[in-house]
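A look at the structure
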Amino acid sequence: MALYCIGDVQGCDGALERLLDTIGFSASRDTVYLLGDLVNRGPDSAAVLRRCMAAGDAIRCLLGNHDLHLLAAAHGARAPSRRDTLGTLLNAPDAPALLAWLQAQPLARLHDHHGQQLLMVHAGVLPAWSTSDVLGRADEVQAVLRSDALPGFLHAMYGNTPDRWRDDLAGADRLRVIVNALTRLRFCTPSGVMDFESSEAASAAPPGLLPWFDAPGRRTAGTVVAFGHWSTLGWLNRSDVIGLDTGCVWGGCLTAVRFGATLADRERLQVHCEQSQKPG
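Figured I'd write up the structure that's included with this text. Fair warning: this is a prediction, and the values are worked out from it, not measured in the lab. Here, residues in each chain are numbered from 1, in the same order as that chain's written sequence. Reporting in this predicted model follows two pLDDT cut-offs: at least 70 for local features of residues, and 80 or more for side-chain atom pairs to be given and counted; totals over whole chains, interfaces and linings ignore these cut-offs and use all residues. Side-chain metrics rest on all non-hydrogen atoms present in the structure, leaving aside hydrogens and water.

Okay, the sheet that holds strand β8 (residues 210-211) next. One open sheet accounts for three strands, arranged β7-β6-β8; its pairing is antiparallel. With one partner strand each, in any of the chains shown, β7 (194-195) and β8 form the two edges of the open sheet. With two bridges joining them, strand β6 (residues 187-188) and β8 adopt antiparallel strand pairing. The residue of β8 that forms the bridge with C188 is L210. For two strands to count as paired, DSSP must find a minimum of two bridges between them. Helix and strand assignments come from DSSP, with helices taken as H or I runs of at least 4 residues and strands as E runs of at least 2, each series counted from the N terminus.

This is the structure:
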């Protein structure tokens, strides 16, 4: 039995199939976590979702910003952008089943690996949040995604404010901060004010900002965190954080990490991807 995490697929089902073949994935034996952005910009988002659904509990997913964008587009809360490749999925005969499966996925997951905890999110976590806070905040959003309040939530989901967490936040503001942190965050201030204008590499942090995982006093520092979302960051392999978005849709690689007996025992496995979109 092996444990894997895989970075942003973004509709590149062919690359996902090749990576699963490369790692020798067996649905009866192994567990794979996909770290969000399952869909969009690549050529076959519907096939990615069908593959995940068919694998049952062997492939476990979480939501990224593009997955939420798909739900928003399906409910008329977001107009398609020029880079979207969601039309085939939205018009597929099984679109209702695919969307229902997607909206049932969480924004964060925790896996116990031989007594060690692995926290998984798409983008990042705020420094003030503990591991239990992250899971609790993600559950708040998931409850809305599974409820009749979904359309109203999707219409109110977008925006960059509030840009920091407060325990007394309520309603749409509270949910928006949670979504932005877990699915969009790259840089923040040392006190946890989020920035959404910068997507540079971590080494090129704008003045006054730093990567979320370097924020002083980050309360999840004692838990290994795996994430995607940040293609300009690329592969990051530190004792406490693992970055797995290596730009598949841009012609980079689709990357998996295989864990051994401990979370520190890691092997990187990659397949090169055909470019589906050009950066910029």
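There's plenty left to go through after this.
Turning to the sheet that holds strand β2 (residues 31-34), a few remarks are in order. Strand order in the open sheet made by the five strands is β3-β2-β1-β12-β13, with mixed pairing throughout. Strand pairing shows two members of the sheet lacking a second neighbour, β3 (59-61) and β13 (266-272), which therefore form its edges. The sheet shows a mean angle of 25 degrees between the axes of neighbouring strands, taken without regard to direction. Looking at chain direction, β2 and β3 are connected through three bridges and run parallel. Looking at the pairing, V32 lines up with I59 of β3. Each of β1 (3-6), β2, β3, β12 (253-259) and β13 is contacted by helix α1 (residues 13-23), which is oriented at about 140 degrees to β13, the strand it contacts most. Each axis is a line fitted through C-alpha atoms, and for a helix only the stretch in contact is used; angles between axes span 0 to 180 degrees, taken between their N-to-C directions. It only takes one pair of heavy atoms within 4.5 Å for two residues to be counted as in contact.

Considered as a void within the structure, the largest pocket measures approximately 920 Å³ in volume. Only protein atoms enter the calculation, which uses a 1 Å grid: trapped sets of points that fit a 1.4 Å probe without letting it out are cavities, open sets showing protein on both sides within 12 Å along at least five of seven lines are pockets, and any residue with an atom within 4 Å of a point is a lining residue. Surrounding the largest pocket, 36 residues form its lining, R41, N65, H66, R186 and H229 being those nearest its centre. For the lining of the largest pocket, the elements supplying multiple residues, two or more each, are α3 (65-74) and α8 (171-184). Residues of the lining of the largest pocket, tallied by class, amount to 10 nonpolar, 15 polar and 11 charged. Grid points are joined across faces, edges and corners, and a volume is the space filled by probe spheres set on the points. Under the scheme applied, nonpolar residues are Ala, Val, Leu, Ile, Met, Phe, Trp, Tyr, Cys and Pro; charged residues are Asp, Glu, Lys and Arg; polar residues are all the others, including Gly.

When a carboxyl oxygen of Asp or Glu is within 4 Å of a side-chain nitrogen of Lys or Arg, the pair counts as a salt bridge. Under the defined criterion, the tally for this structure stands at 16 salt bridges. Between D167 and R137 there is a salt bridge; the shortest N-O distance is 3.9 Å. Taken as a pair, D167 in the loop between α7 (150-156) and α8 and R137 in helix α6 (residues 131-145) lie far apart in primary sequence, 30 residues in all. With a shortest N-O distance of 3.2 Å, R238 and D240 are connected by a salt bridge. Through salt bridges with shared partners, one network takes in D133, R137, D167 and R219.

Within the fold, S199 resides in the loop between β7 and β8. For every residue, the accessible area obtained with a 1.4 Å probe (protein chains only) is divided by the maximum for its type, and the residue is called buried under 20%, exposed over 50%, and partly exposed between those limits. Taking relative accessible area as the criterion, S199 reaches 38% and is therefore assigned partly exposed. Separated by 69 residues in the primary sequence, S199 and R268 place their C-alpha atoms 24 Å from one another. Sequence-distant contacts of S199, defined by excluding residues within four places in its chain, comprise R186, W230 and T232.

Alignment of β12 against β13, held across seven bridges, turns out to be antiparallel. By the bridge assignment, C253 is partnered in β13 with H272. Counted along the chain from β12 to the antiparallel partner β13, the turn is six residues long.

Next up on the list: the side chain of R137. R137 gets classed as buried once you look at its relative accessible area, which sits at 13%. If we skip the residues at most four places from it in the chain, R137 touches W129, W165, D167, R174 and I178.

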